[in-house]
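As a plain string of letters, each chain reads:
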Amino acid sequence: MQSVKPKKFLGQHFLKDLGVARAIADTVDACPELPILEVGPGMGVLTQFLMPKGREVKVVEIDFESVAYLREHYPTLEDNIIEDDFLKMHLDRTFEGRPFVLTGNYPYNISSQIFFKMLDFKELIPCCTGMIQKEVAERLAAKPGSKAFGILSVLIQLWYDVEYLFTVPPGVFNPPPKVQSAVIRMTRNTVTDPGCDVKLLTRIVKQAFQQRRKMLRGSLKGLIPAEHAFGTLRPEQLSVAQFVQLTNDIAACIAS
């Protein structure tokens, strides 16, 4: 098998620049010693730089053609190739319950879903790195007050410190995507208890940003008291800590 044809329905854009691949692989060095799970290895351009790091490396790939390519060209990886849909995996079984680093050249069409799944297993994933669409990377790393600050920003930054590392141009892929890409790293912060009902927080954040142009007293009508201090603000103006405070205030209103 010479190569794998990129499949549009899987959102495949194969990285062909070895320098960029090495740089992405090196982002996992911030969390040394932990085993590595790579999502969507394709033809192994990133995998080849992860394997020499002296750690256990597993890859999960849904494309049967890519799996066949990996088995042929990386025979030592044979037992660590998981032919599955990452979004359906039981991540607590991947390394027998041990923490691991998550990395990859993530399919752009499911990158947000990948990170929401990461949140479900945040105690097992102290570090997540990889390449995604630039726009999504900017959302992940955005600060309050910016147009990019949104649902992903709040829910990820509640648990992770996010670093926007570098931008990657379309020309280093086959086929070139219509957007720019970026490499990010997310490292678990020290929060073990955010001090609020996380399910309620998630509901509030999603509802607020679905109508982000409205003031919170409008988008959260029926939840937030009209006279609340945050009522005249728009959701992107609140910090993560203020969303926690708002959640507790709303919880108190609901309970009363």
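Below: a short report on this structure. (Residues numbered from 1 in each chain as written. Predicted model: local features only at pLDDT ≥ 70, side-chain atom pairs only at ≥ 80, totals over all residues. Heavy atoms only, no water.)

Quick notes on the overall build of the chain
Across its full length, the chain carries nine helices and nine strands. Taking 256 residues into account, the globule formula puts the C-alpha radius of gyration at 18 Å, and the chain, at 20 Å, falls close to it. A principal-axis box enclosing the C-alpha atoms of the chain has dimensions of 65 × 40 × 30 Å. The proportion of buried residues among the 256 residues of the chain is 49%. Relative to all contacts within the chain whose residues are 6 or more apart in sequence, the contacts with residues 24 or more apart total 66%. Carbon together with sulfur atoms contributes 52% to the accessible area of the chain, which is approximately 12,300 Å² in total. Charged side chains in the chain number 30 positive and 28 negative. The centres of these two groups are separated by 9 Å. (Helix = DSSP H or I, 4+ residues; strand = E, 2+ residues; numbered from the N terminus. Rg over C-alpha atoms; globule rule 2.2 N^0.38 Å. Buried < 20%, exposed > 50% of the residue type's maximum accessible area, 1.4 Å probe, protein only. Contact = heavy atoms within 4.5 Å. Areas by Shrake-Rupley, 256 points an atom, 1.4 Å probe, with all protein chains shown as cover. Lys, Arg positive; Asp, Glu negative; His and termini not counted. Charge placed at Lys NZ, Arg CZ, Asp CG, Glu CD.)

A few points about the state of the cysteines
Here the structure, examined in full by the defined rule, presents zero disulfides. For Cys128, which is in no disulfide, the shortest distance to another cysteine sulfur is to Cys127 and amounts to 7.3 Å. The cysteine Cys253 is free of any disulfide, with Cys196 supplying the nearest cysteine sulfur at 15 Å. Cys253 sits in the partly exposed class, given a relative accessible area of 36%. (Disulfide = S-S within 2.5 Å.)

Notes on the side chain of Ser111
Within the element layout of this structure, Ser111 appears in helix α4 (residues 111–120). The buried category is assigned to Ser111, whose relative accessible area is 1%.

What about the pairing of strand β9 (residues 181–188)?
For β9, the tally of buried residues reaches seven of eight residues, placing the bulk of the element in the interior. For strand β6 (residues 127–133) and β9, the ladder comprises seven bridges, and the chain directions are antiparallel. Note that in β9 the partner of Thr129 across the bridge is Arg185. Note: strand β7 (residues 160–168) against β9, eight bridges, orientation antiparallel. Residue pairing for β9: Glu163 is matched across the bridge by Arg185. (Pairing = 2+ DSSP bridges.)

Here we look at the layout of surface pockets
The volume enclosed by the largest pocket comes to roughly 550 Å³. Lining the largest pocket are 33 residues, with Leu10, Gln12, Gly40, Glu61 and Pro107 sitting closest to its centre. Taken together, the elements giving at least two residues each to the lining of the largest pocket come down to β1 (14–15), β2 (36–39) and β3 (57–61). Tallied by class, residues from the lining of the largest pocket come to 18 nonpolar, 10 polar and five charged. Within this model, the second largest pocket holds a volume of roughly 240 Å³. (1 Å grid on protein atoms, 1.4 Å probe; cavity = no way out; pocket = protein on both sides within 12 Å on 5 of 7 lines; lining within 4 Å. Points joined across faces, edges and corners; volume = space filled by probe spheres on them. Nonpolar A, V, L, I, M, F, W, Y, C, P; charged D, E, K, R; others polar.)

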